[in-house]
Amino acid sequence: MKEVITEMERYAIANNVPIIEIDSIKFIMKYIRLNNVKNVLEIGSAIGYSAILMANATDNVEITTIEKDEKRYKEAVKNVNKCGLDKRIDIVFNDALEVNLAGHSYDLIFIDAAKGSYIKFFEKFCHYLNPGGVIITDNLKFHGLVNNKDSVNTKSLRGIVDKIEKYISFLNDNKDYITKFYDIGDGLSVSIKKNNEK
């Protein structure tokens, strides 16, 4: 397993695939263990790195992860199979905004896909949360650019930073959820529904 993880880290660097920072995934793995999380929905599989590590948090957590990029999806399937986790990680090849998950519910939803769609992802998938469940979002610092807009020198980057700022405001203004922000890795938020707090 360790060899596969190391191999994936090398692949991500060589192929410019964004994977979660180690401090962030450690935080999520600890959350899974401490809160007895049984099922996770991940928006944005990339090559399966975070899904595999989340599945390693405990022996009884199951992950559904969605990826729309075909090359990354195939790489994720290969990596999950190499780790022998295909029974506990279900990789869905689709655009998350097109996926119908009727009949499913989750203890933890992890958003780590297209930054410009974070609000849409939250609004769509919050309906699949179990009581006491949380939505965790990654990359809210966006490599430090969110708090340092002066160093953003391209229009496309500025657009992403603006959308992340809008998402942070959306979380802060959302009366149904209490959101805590953590200065871990590339910035995480943990949102829990008010009337579902444990």
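Our structure is the block above this text.
In this text the structure is predicted, and so the values were computed from the model without any measurement.

About the criteria used
- Residues numbered from 1 in each chain as written.
- Predicted model: local features only at pLDDT ≥ 70, side-chain atom pairs only at ≥ 80, totals over all residues.
- Heavy atoms only, no water.
- Helix = DSSP H or I, 4+ residues; strand = E, 2+ residues; numbered from the N terminus.
- Expected span 1.5 Å × (residues − 1).
- Buried < 20%, exposed > 50% of the residue type's maximum accessible area, 1.4 Å probe, protein only.
- Arc of directions from axis to C-beta.
- Contact = heavy atoms within 4.5 Å.
- Polar contact = N/O pair within 3.5 Å; in protein donor to acceptor, adjacent residues only side chain to side chain.
- Phe/Tyr/Trp six-rings, centres within 6.5 Å; stacked < 30°, edge-to-face > 60°.

Asks: What am I meant to see in helix α4 (residues 70-82) here?
Replies: For an α-helix the count is 3.6 residues per turn, leaving residues at separations of three or four pointing the same way. Counted at 1.5 Å a residue, the expected span for α4 with its 13 residues is 18 Å, and the 18 Å between its end C-alpha atoms agrees. Residues of α4 that are buried: E75, A76, N79 and V80. Looking straight down α4, one finds that the buried residues subtend no more than 130° of arc, so they occupy a single side. α4 presents K71 and K74 as exposed residues on the side facing more than 90 degrees away from its buried surface. The inward-facing, buried residues of α4 contact α1 (2-14), α3 (49-55) and β3 (89-93). A side-chain oxygen of the first residue of α4 lies 3.1 Å from the backbone nitrogen of K71; this N-cap is D69. Within two residues after α4, G84 carries a phi angle of roughly 70°, on the positive side.

Asks: Help me out: how do you make sense of the environment of L41 in this one?
Replies: Tracing the backbone shows L41 in strand β1 (residues 39-43). Residues L41 and D90, 49 residues apart in the sequence, show an inter-C-alpha distance of 9.6 Å. Residues in contact with L41, not counting those within four places in the same chain, are T64, I66, L101, Y106, L108, I109, F110 and F125.

Asks: Honestly, the packing of aromatic side chains in this entry has me stumped. Any pointers?
Replies: The description of an aromatic ring pair rests on the distance of the ring centres and on the angle between the ring planes. Per the stated rule, a full pass over the model turns up eight aromatic pairs. Between F122 and Y167, the aromatic rings sit 6.4 Å apart at their centres with planes inclined by 65°, giving edge-to-face as the arrangement. Within this pair, whereas F122 is found in helix α5 (residues 118-125), its partner Y167 is found in helix α6 (residues 155-173), the two being separated by 45 residues in sequence. Across the pair, exposure class does not vary: F122 and Y167 are buried alike. Their ring planes at 80° and their centres at 5.3 Å tell us that F122 and F170 sit as a pair that is edge-to-face. Of this pair, F122 sits in helix α5 while F170 is found in helix α6, placing the two residues 48 residues apart along the sequence. Residue F122 is classed as buried on the basis of its relative accessible area of 1%. Members of the aromatic cluster, connected to one another through ring pairs, are Y118, F122, Y167, F170 and Y177.

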